[in-house]
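Architecture at a glance
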Amino acid sequence: SGVTQEQYLADMQAAYDFLKANGLQTDTIVYPYGHFTYADYAEQVTKAAREVYDFALNIEDGIMTDEVLNSFMYKRTFIKDAKGLAYYQALIDNCIATKGFLILSTHAWIDADLTGTFYDSVLSYISSKGSAVSVLPFSQANAIKKNVVSIGSFNRKSERLYVGRNGFLLNN
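Note that the structure is a prediction, hence the values are computed from the model and not measured.

**Things to note about the overall build of the chain**
Helix and strand counts for the chain stand at 5 helices and 7 strands. Along its sequence from the N terminus, the chain presents helices and strands in the succession α-β-α-β-β-α-β-α-α-β-β-β. Per-residue burial over the chain gives 35% buried out of 172 residues. Residue pairs in contact within the chain that sit at least 24 positions apart in sequence constitute 58% of those at least 6 positions apart.

Pasting the structure below:
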């Protein structure tokens, strides 16, 4: 990618400092675009994030049901009309069945891929599930679902120690 580890770290630190100076939550970063997931520099980006933040959100759709979560590649699913309501209904039902962790996202600006009516339909479906679903801000949901211990790189077996909420251990 042509960017050094020091530059990634400096960018992460600058973002952290900006957020903190403006009174915003600073323990989690949402990767811009998130498209580096499978790129050769993903390890560099997540390494820099681990030095500054406690958690990071990626752009990969899905439910997190793993015994141990990759704290620097949390999945987040964007709500978009094009996927259709049935897609989100199945995702929500699967999340309930597996007792998973689902992060639904939208962008802060007006998103051409999402109408208010469709957004309301997804939220109404979630509401129809009653007490089977807890809708929480990320910080509260994460406090319930996060690992007890997350040390090192999730993908490098020789450099990791992760302990899930249920006591499941992931190391070398």
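Okay, back to it.
**Quick notes on helix α4 (residues 116-128)**
Along its 13 residues, α4 runs 18 Å from first to last C-alpha, staying within 8% of the 18 Å computed at 1.5 Å per residue. At its buried positions, α4 is contacted by α3 (85-98) and β4 (104-105). Taken from the residues just after α4, G130 is the one with a positive phi, measuring 55°.

**Notes on the pairing of strand β6 (residues 160-163)**
The pairing of strand β5 (residues 149-152) with β6 spans 4 bridges and is antiparallel. Paired with I151 across the bridge in β6 is L161. Pairing between β6 and strand β7 (residues 169-170): 2 bridges, direction antiparallel. Residue pairing for β7: Y162 is matched across the bridge by L170.

**A look at the layout of surface pockets**
In this structure, the largest pocket spans a volume of roughly 1,200 Å³. Around the largest pocket, the lining is made up of 37 residues, and of these L102, I103, L104, L136 and A141 lie nearest the centre. Listing elements by their share of the lining of the largest pocket, those giving two or more residues are β1 (28-30), α3, β4, α4 and α5 (138-145). Per-element accounting of the lining of the largest pocket gives the leading share, 4 residues, to α5.

**Quick notes on the pattern of salt bridges**
On inspection of all chains with the given rule, the structure shows 2 salt bridges. K83 serves as the salt-bridge partner of D61, at 2.2 Å between the closest nitrogen and oxygen. Here the residue D61 occupies a position in the loop between β2 (55-57) and β3 (77-78), and K83 occupies one in the loop between β3 and α3, the gap between them amounting to 22 residues. Residues K129 and D93 are paired through a salt bridge, measuring 3.1 Å at the closest nitrogen-oxygen approach. Of this pair, K129 sits in the loop between α4 and α5 while D93 sits in helix α3, placing them 36 residues apart in sequence. For D93, a relative accessible area of 31% gives the class partly exposed.

The rules behind the values
Residues numbered from 1 in each chain as written. Predicted model: local features only at pLDDT ≥ 70, side-chain atom pairs only at ≥ 80, totals over all residues. Heavy atoms only, no water. Helix = DSSP H or I, 4+ residues; strand = E, 2+ residues; numbered from the N terminus. Buried < 20%, exposed > 50% of the residue type's maximum accessible area, 1.4 Å probe, protein only. Contact = heavy atoms within 4.5 Å. Expected span 1.5 Å × (residues − 1). Pairing = 2+ DSSP bridges. 1 Å grid on protein atoms, 1.4 Å probe; cavity = no way out; pocket = protein on both sides within 12 Å on 5 of 7 lines; lining within 4 Å. Points joined across faces, edges and corners; volume = space filled by probe spheres on them. Salt bridge = Lys/Arg side-chain N within 4 Å of Asp/Glu carboxyl O.

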